[in-house]
Amino acid sequence: MSSLFRRKDIMITIVAFCFGLVIVPYFFDIKELNTYANNLSKIVAVVTTSAFVISLYAQSRRNLIMVRQRSKGWPYQGFQLIIVFLIAAVGLILGQASLPYKWPIEAIQMSGSTVFYSIATFYMISAGARAFRARNTKALLFLLSAVLVMLAQAPMTELYMSWPATIRAFLGDTFGKTATRIFAIGLAISGIVLGVRTLLGKEPATLGLQG
Amino acid sequence: MKNMVEKEGFNLFKAMAYIDRKYLFLMVFIITIGSLLFPISIPIQIGKNTNLYYSYLSKLKSTDIVMWKGATFRSYMEVKSGYIATLRVIIEKGAKLVAMYDEGDQQSVFQMVMGNPSTGASGILTSLMEQKNYKYWDNYIDLGMVLLGGEATYVSLARNFQGYIHNDYAGRPIQGSFLENVNGAADFAMIIDSGPLAGIGGDFLGRHFAMDYKVVYLGNMIGVGIAPTQTYIETGIVKGMLESGRGGAELEYLIGAPGPGLAALNVMTLGHYYFIALIIIGNIGYFGWERKARREEEIRAGGQKK
């Protein structure tokens, strides 16, 4: 029976069926179909969320190997492993709302994350003074744009000069938005192409088959 | 380069090209502490996006339900003022609030502002909540990390809310709460997303809530999210946005509740000017000394090779 579900044509049929089940209710309001589509979405959401177990397994295995082999930085890997399972155990036993579960997040992750973000200021300042050089025309244009945008972004500037805001708006409305749209449209087209190729059986890796 | 240094001794251009990092960092502290100790009153100009954001926020009614997608600690550093000011408006309007997250620390940020209903710990807005009788369960519910699972999760929430959500973050069933009558996206009056809206969550909420059900979608954006979000505003998917700390300060001014945003205006202004000044000084040093020194060294190295 399991070999039947490993057949490429069967798998593509299942994918096509699921695709139809989800896509049709967007265009036709059929109550029964809606119920099936909603349940399918729920199943997919739960399965996707549960996939974290696989990543936990892969990460733990990698850490264990590093600890066993005493690779470079192995104490950190061991520490990470202990922390992950300790917090998971506390969460499972005492619940997610418990103070011991929240403490590492609020006392360690919060301050660590905040410091991590804040030290970017020092990197930026150092880069601004020592690395951002107009070495060629492209770099010069980039630096000019950056300076003008920052000038406009400083709250006090607009009170005395309106032209930096005009230039910022121009740069954002032309180059900025164009780049964003190209990225978004590219992603959408890639998604459609991948979907069609999967339905045609030309993406065996997506179906878990060898290429 | 060594020859040049030996030849010239102290060189102003060289000093500009290679400012010692300790002085650069010292200035950061001076600007930050100086701005806090000696604040200058900076008049504020309200941006178009903040006005749009506020126009929708101010229309909230006590019967409306707002979906709140939280910010992580990292983004909270930037969007803090807008985050607090927006929640302040929601509390004052008495609108219902449903918080949900896709990263673990987003809940801690939310509880830092609204208090922790499990432990009874106070938050930044606890006094306002007490004053307005704004309570957990009656007025707001925290669903926890329910936004995992990618696009399918957002589809489920938008189309089958009761089938997907059964309890709050502490395991308390939502039956009997104001969420009992929420069946899907159409029952939400507004979505507020704090952090990088153009990320995955932004797209999913945009597609399955704002586009399909015309839910008002607002963003409280970190700096890098501003430009991508602007395209969403122009297409009508996002209705308004707070542009990082500055947008938050503008909202604080509009609602008449000065907070961390307005307090940081001096630092924001001087920080931007300082960064611009460093780029200019560094490039003067580059053209006055560094480039010449590099060329000289290249010629010398080239000559040696020959």
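Everything numeric in this text was worked out from a predicted model, so none of it was measured.

Caption draft 1: How the structure looks around the overall build of chain A. Within chain A, the secondary structure is distributed over 10 helices and 0 strands. Of the regular secondary structure in chain A, the N- to C-terminal order runs α-α-α-α-α-α-α-α-α-α. Taking all 211 residues of chain A together, the buried fraction comes to 9%. Pairs at least 24 residues apart make up 15% of the contacts formed inside chain A by residues separated by at least 6 positions.

Caption draft 2: Layout of the overall build of chain B. For chain B, the helix and strand inventory stands at 14 helices and 6 strands. A compact globule built from 306 residues should have a C-alpha radius of gyration of about 19 Å, whereas chain B, at 25 Å, is more than 25% larger. Counting only C-alpha atoms and orienting by the principal axes, one finds that chain B spans roughly 85 × 50 × 35 Å. Residue burial in chain B is summarised as follows: out of 306 residues, 48% are buried. The contacts in chain B between residues at least 6 apart in sequence include a share of 75% that link residues at least 24 apart.

Caption draft 3: Structural context of the nonpolar core. Among the nonpolar cores identified, the biggest contains 69 residues, and Val98(B), Met190(B), Ile191(B), Phe209(B), Val215(B), Tyr217(B) and Leu218(B) are the most heavily contacted of them. The element best represented in this core is helix α5 (residues 73–93) of chain B, accounting for 9 residues.

Caption draft 4: Layout of the interface of chain A and chain B. The interface of chain A with chain B comprises 46 residues on the first partner and 50 residues on the second. Sorting the residues of the side of chain A that touches chain B by element identifies α3 (31–50), α6 (99–118), α7 (120–130), α8 (137–153), α9 (157–160) and α10 (163–199) of chain A as the ones contributing at least two each. Here the side of chain A that touches chain B takes 10 residues from α6(A), the largest share from any one element. Its residues placed into classes, the side of chain A that touches chain B shows 22 nonpolar, 16 polar and 8 charged.

Caption draft 5: Structural detail: the domain arrangement of chain A. When the domains of chain A are assigned, the result is domain 1 (2–50), domain 2 (52–118) and domain 3 (133–195). Just the C-alpha atoms count here: the centres of domain 1 of chain A and domain 2 of chain A sit 35 Å apart.

Caption draft 6: Representation of helix α6 (residues 105–114) of chain B within the structure. The element α6(B) is extensively covered by neighbouring structure, given that 8 of its 10 residues are classed as buried. Within α6(B), burial applies to Gln106(B), Gln107(B), Ser108(B), Val109(B), Phe110(B), Gln111(B), Met112(B) and Met114(B). Each element contacted by the buried residues of α6(B) is listed here: α6 of chain A together with α5, β2 (96–100) and β3 (140–142) of chain B.

Caption draft 7: Just the pairing of β2(B), in detail. All names here are of chain B. Summarising burial for β2: 5 of the 5 residues are buried, a large majority. Taking every second residue as pointing to the same face, both faces of β2 are buried, with Lys 96, Val 98 and Met 100 on one and Leu 97 and Ala 99 on the other. Both strand β1 (residues 65–69) and β2 contribute to a ladder of 5 bridges, which runs parallel. Paired with Trp 68 across the strands is Ala 99, a residue of β2. Taken together, β1, α5 and β2 constitute a β-α-β crossover, and its handedness is right-handed.

Caption draft 8: Focus on the environment of Ile105(A). Relative to the assigned elements, Ile105(A) resides in helix α6. For Ile105(A) and Ile54(A), which are 51 residues apart along the polypeptide, the C-alpha to C-alpha distance reads 23 Å. Look past the residues within four positions of Ile105(A) in its chain and what remains in contact with it is Met110(A), Gly104(B), Asp105(B) and Ser108(B).

Caption draft 9: Structural view of the environment of Gln69(A). Residue placement: Gln69(A) occurs in the loop between α4 (52–68) and α5 (74–94). You can call Gln69(A) exposed: it has 9 C-beta atoms within 10 Å.

Caption draft 10: Examining helix α2 (residues 8–23) of chain A more closely. Along its 16 residues, α2(A) runs 22 Å from first to last C-alpha, staying within 8% of the 22 Å computed at 1.5 Å per residue. When you tally the buried positions in α2(A), you get 0 out of 16 residues, a small fraction of the element.

Caption draft 11: Geometry of the packing of α4(A) against α5(A). Residues and elements named next belong to chain A. Orientation of α4 relative to α5, taken along the N-to-C sense of each, is 140°, at an axis distance of 8 Å. Considering their axes alone, α4 and α5 lie oblique with respect to each other. Of the two elements, α4 crosses α5, and the hand of that crossing is left-handed. Of the residues in α5, those touching α4 at Ser 60, Asn 63, Leu 64, Met 66 and Val 67 are Trp 74, Gln 77, Gly 78, Gln 80 and Leu 81. Of the residues contributing to the contact of α4 with α5, the split by class is 5 nonpolar, 5 polar and no charged.

Caption draft 12: Up close: the confidence of the model for chain A. Per-residue confidence for chain A gives a mean pLDDT of 87; residues scoring 70 or more make up 99%. Within chain A, the lowest mean pLDDT, 78, falls on helix α1 (residues 2–5) of chain A, and the highest, 93, falls on α8(A).

Caption draft 13: Seen up close, the pairing of strand β4 (residues 190–194) of chain B. Residues and elements named next belong to chain B. Among the 5 residues of β4, 5 are classified as buried, and the element is accordingly described as predominantly covered. Residues Met 190, Ile 192 and Ser 194 line one face of β4 and the alternating positions Ile 191 and Asp 193 line the opposite face, and both faces are buried. As paired strands, β1 and β4 are joined by 4 bridges and run parallel to one another. By the bridge assignment for β4, Lys 69 is matched with Asp 193.

Criteria and cut-off values
- Residues numbered from 1 in each chain as written.
- Chains lettered and ligands numbered in written order.
- Predicted model: local features only at pLDDT ≥ 70, side-chain atom pairs only at ≥ 80, totals over all residues.
- Helix = DSSP H or I, 4+ residues; strand = E, 2+ residues; numbered from the N terminus.
- Buried ≥ 20, exposed ≤ 12 C-beta atoms within 10 Å, placed from the backbone.
- Contact = placed C-beta atoms within 7 Å.
- Rg over C-alpha atoms; globule rule 2.2 N^0.38 Å.
- Core = buried A, V, L, I, M, F, W, Y, C linked by C-beta atoms within 7 Å.
- Nonpolar A, V, L, I, M, F, W, Y, C, P; charged D, E, K, R; others polar.
- Domains from an automatic or database assignment.
- Pairing = 2+ DSSP bridges.
- Right-handed = clockwise from strand over helix to strand, strands pointing away.
- Expected span 1.5 Å × (residues − 1).
- Axes fitted to C-alpha atoms, helices over the stretch in contact; angles between N-to-C directions.
- Parallel < 35°, antiparallel > 145°, perpendicular 65-115°, else oblique.
- Left-handed = near helix turned anticlockwise from the far one by under 90°.
- pLDDT = per-residue confidence, 0-100.

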